[in-house]
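# Survey of secondary and tertiary structure
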Amino acid sequence: MHKTLQKYFGYTLFRPLQEDIINDVLSGKDTFVLMPTGGGKSLCFQLPALLMDGMTIVVSPLISLMKDQVDSLVANGIEAVYLNSTLSYSEIKGIKASIVANRVKILYVAPERLMMTETLGLLKSVNVSLFAIDEAHCISEWGHDFRPEYRKLKTLRGKFPSVPIIALTATATPKVRNDIVSELKFKGHNTYVASFDRKNLFYRIKPKNDTYGHLLQYLRETRGKSGIIYCQSRKTVDTLSKKLKKAGFSSLPYHAGLTDKVRTKNQEMFIKDDVQIIVATVAFGMGIDKPNVRFVVHYDLPKNLESYYQETGRGGRDGLECDCILFFGHGDRYKIEYFINKMGKKQERDIALVQLREMIDYCEANSCRRKVLLKYFGEEVEEDNCGNCDVCLEPKEMFDGTEAAKKLLLCVEDLDQRFGMTHVIDVLVGAKTKKIINSRHSMLKSYSAGREYSKSQWQSIARELVRLEVLGVEGTKYPLLKLNPKSMAVLGDSEFVQITKPADEVKISVKGSCAATTKTSKSKSLSRAASKSTPKAKTKSSSKSKSTATKTINATDSELFERLRVLRKTLANRANLPPYIIFADTSLRQMAAKRPTTAQDFLEITGVAEHKLEKYGGTFLAEIADFCDNDEKPTQSNDQTKPKSEKPVKRPPKISEILKNRAVNPDVLSSSVIETLELYKQHMSVEEIAHIRNLTQSTIAEHMEILVQSKRIDSIDHMVDPDKKCIIENAINDVGDKFLSRIKAKLGDDYSYGEIKLVRAAMMCE
Ligand code: ADP
Ligand code: ZN
């Protein structure tokens, strides 16, 4: 098993449960697997498929994913194919022929096609080793994603009584679980339930004010990384996506109001790293397997924790870090409540309200985010400090809030417990609202008694007191504040309350004194990386969470990583594949850190299997060697601590040779040029790139010239108008290509130096 893992997948270790599951499958048992997204379900059937005689059939409802999964397997040298409605008649004929000839190890098939008499007949004539039912919750009417075509799978057992079945899903309540097992007629099966804790996801809640500003700041820090921004409405999706584009980010929208064609195209560009950010409604996500999503932002409040967790779960599937940031404000809550109250059935309304309440409690809680989330899914987290959420990394300052609590409680009493939070606070801060004037509440003792805090500070104090049950609330539509036994205990000095220091407390003290040392005084970064660098990040359990996944890489490593990323994208474009199928980010990061020089070193990189070594080893080793020539950090071969027994591989071909016909020496492309290339690939113009990078247009034009000459860019068509290009070419033919100024003089003001340089570079390459 380990040998096969290394040889075909390039991994040295199994993830939790994988080994046990695979052992069961190999021994012919039916197996049920419940694992979160990114947990590594696929390997549980792909690896047995390679070890068993015959062909494994994988049933999957997501036609859009089949191709990527099959491409991934083929890239590892595994004979995999798929059968679904996107194929032409002759393609299907060819695939069937290779099945009959026993040339296929893994067949992906949509359920409706599998259950066709013709397909079943075909499978009867060959040796089927295993059925893997992916997204198995689709079989249950109790699940959220029931698909009638899955129902037919229940006849599989009767048709293939001796073939074991493995069913896998990431979402299943006990009811759905039982349904799957009974529908598929499992016998003597084992059930595996993996932890739903995704340790590499960093959770942060951020108050929803100046949301766009904070988002921009965050995106600037994470430029070049892939991420999803979820919004509640199509309108927000469209405007936000446009705004981001205008601000120089590579972003596209995704929602149900776009045509199928546009949606598919946008999704594909995201998967292929051609666009960095997808701004989407909840409609986005099913059917994307992209492993390198580095952030998931919730621009608006999600309606319930279940969908929130699923959406954040689309990040970091490769096991590397992912920031999950949610902007939370009470305005969103009222908006959602408004829609809930319009729902027809009372029962539906009640369920939705409870779910919303749970969502808000999560946002307001003062305990570990992970703990709250997992508890919701019935899992207990033992450690107090997960080391990877904002609460654990930056514990909020607490203070003795007894005095504040008493003021608030007295005010509630003064008002005969007949008013809601807003009015009570208005009275406390001495506001002059109509309601106060009309009811003469300014005559109350409590009026203006709480001027030391602002309205919003009182709101957060009051909400916390409600959470702590020091203050009661009655009624759902117009909730009134009420006193309860705990309130009385506080008022009677027999109980004290510890509460969080209200957020903008600092602003007050900054004005009055020089206590500006506190954290909220300047705008802070939202990423986990930034949290980690604060002194408070040293937490009890941080050693545990310090997996290789969250290790940050140093500057030169990240420069090399960027170069490898560019190379990966170039190769991916040529093969028309998503870049992650060539190598995952995990692999590139290891390459950048370890800097392998030999084939053997290269094989030790995670995710590098034999087939990939053969196919891409030379190219990547060349790029690494080339980078190291100009950098003093030791490569693996000149690292003194390592025995030098291995014979280096033949000097691998230079990247330039692979990229053919080079005109300038592309080996020394500076990182600056590479950055320009990255932006260019996001379909930005010279002008936009110059603006974003804060460089002159002429510098960017020079970069483009180098890129054209080194063949990193094959066409300048979308940068120079074809008619203009033709005229510039004529001018260059007339006056020669030596002196730019002469060419420019001939052409006049309608032609920029940038355009001339680009056309000249393209001509030199021809
Ligand atoms: P799931 O189907 O459960 O969402 P996948 O099967 O797509 O998850 O696996 C998620 C990622 O983890 C993939 O990039 C996969 O290559 C990687 N992976 C799976 N098993 C291992 C392993 N044993 N070691 C390292 N990476 C693994
Ligand atoms: Zn935590």
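This section reports on the structure supplied with the text. Residue positions are given per chain, counted from 1 along the sequence in the order it is written. As they are written, the chains are lettered A onward and the ligands numbered 1 onward, keeping that order. Under the rules for a predicted model, residues below a pLDDT of 70 receive no local features and side-chain atom pairs below 80 are neither given nor counted, while totals for whole chains, interfaces and linings still include all residues. Side-chain descriptors were evaluated using all non-hydrogen atoms of the structure, hydrogens and water having been removed beforehand.

## Points about the overall build of the protein chain
- Within the protein chain, the secondary structure is distributed over 38 helices and 17 strands.
- Buried residues are those whose accessible area, probed at 1.4 Å on protein chains only, stays under 20% of the maximum for their type, while exposed residues exceed 50% and partly exposed ones sit between those limits. By residue count, 53% of the 766 residues in the protein chain fall in the buried class.
- About 36,000 Å² of surface is accessible on the protein chain, with carbon and sulfur atoms providing 53% of the total. Only runs of H or I of at least four residues qualify as helices and only runs of E of at least two qualify as strands under DSSP, and these elements are numbered from the N terminus. In these tables, accessible area is a Shrake-Rupley quantity obtained with a 1.4 Å probe, and a residue counts as shielded only by the protein chains included in the view.

## Some points on the site of ligand 1
- The local shell around ligand 1 holds 13 residues, among which Y11, L13, G38, S42 and R317 are the closest.
- The term polar contact refers here to a pair of N or O atoms within 3.5 Å; inside protein, the definition further demands a hydrogen-donor-capable atom paired with an acceptor-capable atom, and it admits residues adjacent in sequence only when both atoms are side-chain atoms. G38 is positioned with one of its backbone polar atoms (N or O) 2.6 Å from an oxygen atom of ligand 1.
- Between G39 and ligand 1, the recorded distance is 3.4 Å, taken from a backbone N or O atom to an oxygen atom.
- About the coverage of ligand 1: the protein hides 80% of its 570 Å² of free accessible area.
- Looking at the shell around ligand 1, its residues break down into four nonpolar, six polar and three charged. When at least one non-hydrogen atom of a residue lies within 4 Å of a molecule or strand, that residue is treated as near it. The nonpolar class holds Ala, Val, Leu, Ile, Met, Phe, Trp, Tyr, Cys and Pro. Asp, Glu, Lys and Arg form the charged class, and all remaining residues, Gly among them, are polar.

## A word on the coordination of the zinc ion (ligand 2)
- Here the term donor refers to an N, O or S atom within 2.8 Å of the metal (or 3.2 Å for Na, K and Ca), and because water is left out of the atoms, sites may appear incomplete. Summarising the metal site, the zinc ion (ligand 2) is bound by the protein donors C368 (SG), C386 (SG), C389 (SG) and C392 (SG), whose distances to it range over 2.3 to 2.4 Å.
- If you list the donors of the zinc ion (ligand 2) from N- to C-terminus, the spacing comes out as C-x17-C-x2-C-x2-C.
- By relative accessible area, C389 is classed as buried at 0%.
- Look at C392 and you get buried, because its relative accessible area is 5%.

## A short note on the pattern of salt bridges
- For this document, the term salt bridge refers to a Lys or Arg side-chain nitrogen within 4 Å of an Asp or Glu carboxyl oxygen. A complete count under the given rule lists 43 salt bridges for this structure.
- Across the pair R294 and D585 runs a salt bridge, and its minimum N-O distance is 3.4 Å. Here R294, found in strand β12 (residues 293-298), pairs with D585, found in helix α29 (residues 585-594); they are 291 residues apart in sequence, far enough to count as distant.
- Residue classification places R294 among the buried positions, given a relative accessible area of 5%.
- Measuring nitrogen to oxygen at the nearest pair gives 4.0 Å for the salt bridge that ties E729 to K725. In this pair, E729 and K725 are both assigned in helix α36 (residues 722-735), four residues apart and thus about one turn of the helix distant. Each member of the pair, E729 together with K725, is buried.

## Some thoughts on the sheet that holds strand β9 (residues 226-230)
- For two strands to count as paired, DSSP must find a minimum of two bridges between them. Pairing in this open sheet of six strands is parallel, and the strands run β8-β13-β12-β9-β11-β10 from one edge to the other. Taken across any chain shown, the strands that pair with only one partner, and hence form the sheet edges, are β8 (201-207) and β10 (251-254). Direction aside, neighbouring strands of the sheet carry axes that sit 15° apart on average.
- Pairing analysis gives seven bridges linking β8 to strand β13 (residues 322-328), with the strands arranged parallel. By the bridge assignment, I205 is partnered in β13 with L326.
- Along the sheet, helix α12 (residues 234-246) contacts β9, β10 and β11 (277-280); its crossing angle with β10, the most-contacted strand, is approximately 170°.
- Across the face of the sheet, helix α14 (residues 305-312) comes into contact with β8, β9, β12 and β13 while running at roughly 155° to β12. Lines fitted to C-alpha atoms define the axes here, with helix axes fitted over just the stretch in contact, and angles between the N-to-C directions of these axes take values from 0 to 180 degrees. Residue contacts are defined here by distance: any two heavy atoms, one from each residue, within 4.5 Å place the two residues in contact.

## Let's talk about unusual backbone geometry
- The backbone phi angle of D416 is positive, close to 55°, even though this residue is not glycine.
- Secondary-structure assignment places D416 in the loop between α19 (402-414) and α20 (421-429).
- Assessed through its relative accessible area of 52%, D416 is described here as exposed.
- Of note, the phi angle at E469 is positive, near 60°, even though the residue is not glycine.
- Secondary-structure assignment places E469 in the loop between α22 (455-467) and β15 (472-474).
- For E469, a relative accessible area of 53% corresponds to the exposed category.

## Things to note about the packing of aromatic side chains
- Two rings belonging to Phe, Tyr or Trp (six-membered ring only in the last case) form a pair when the distance between their centres is within 6.5 Å. Interplanar angles under 30 degrees mark stacking, angles over 60 mark edge-to-face geometry, and anything in between is tilted. The full count for this structure, using the stated rule, is 14 aromatic pairs.
- Ring centres of F583 and Y616 lie 5.9 Å apart, and the angle between their planes is 70°; this geometry places the pair in the edge-to-face category. One end of the pair, F583, is in the loop between α28 (579-582) and α29; the other, Y616, is in helix α31 (residues 610-629), with 33 residues separating them in the sequence.
- A residue is classified by how much of its surface remains accessible, and F583, at 0% relative accessible area, is buried.
- Since its relative accessible area comes to 8%, Y616 is described here as buried.
- The interplanar angle of 90° and the centroid separation of 5.1 Å between the aromatic rings of F583 and F620 together place this pair among those described as edge-to-face. With F583 in the loop between α28 and α29 and F620 in helix α31, the pair connects residues that are 37 residues apart, well separated along the chain.

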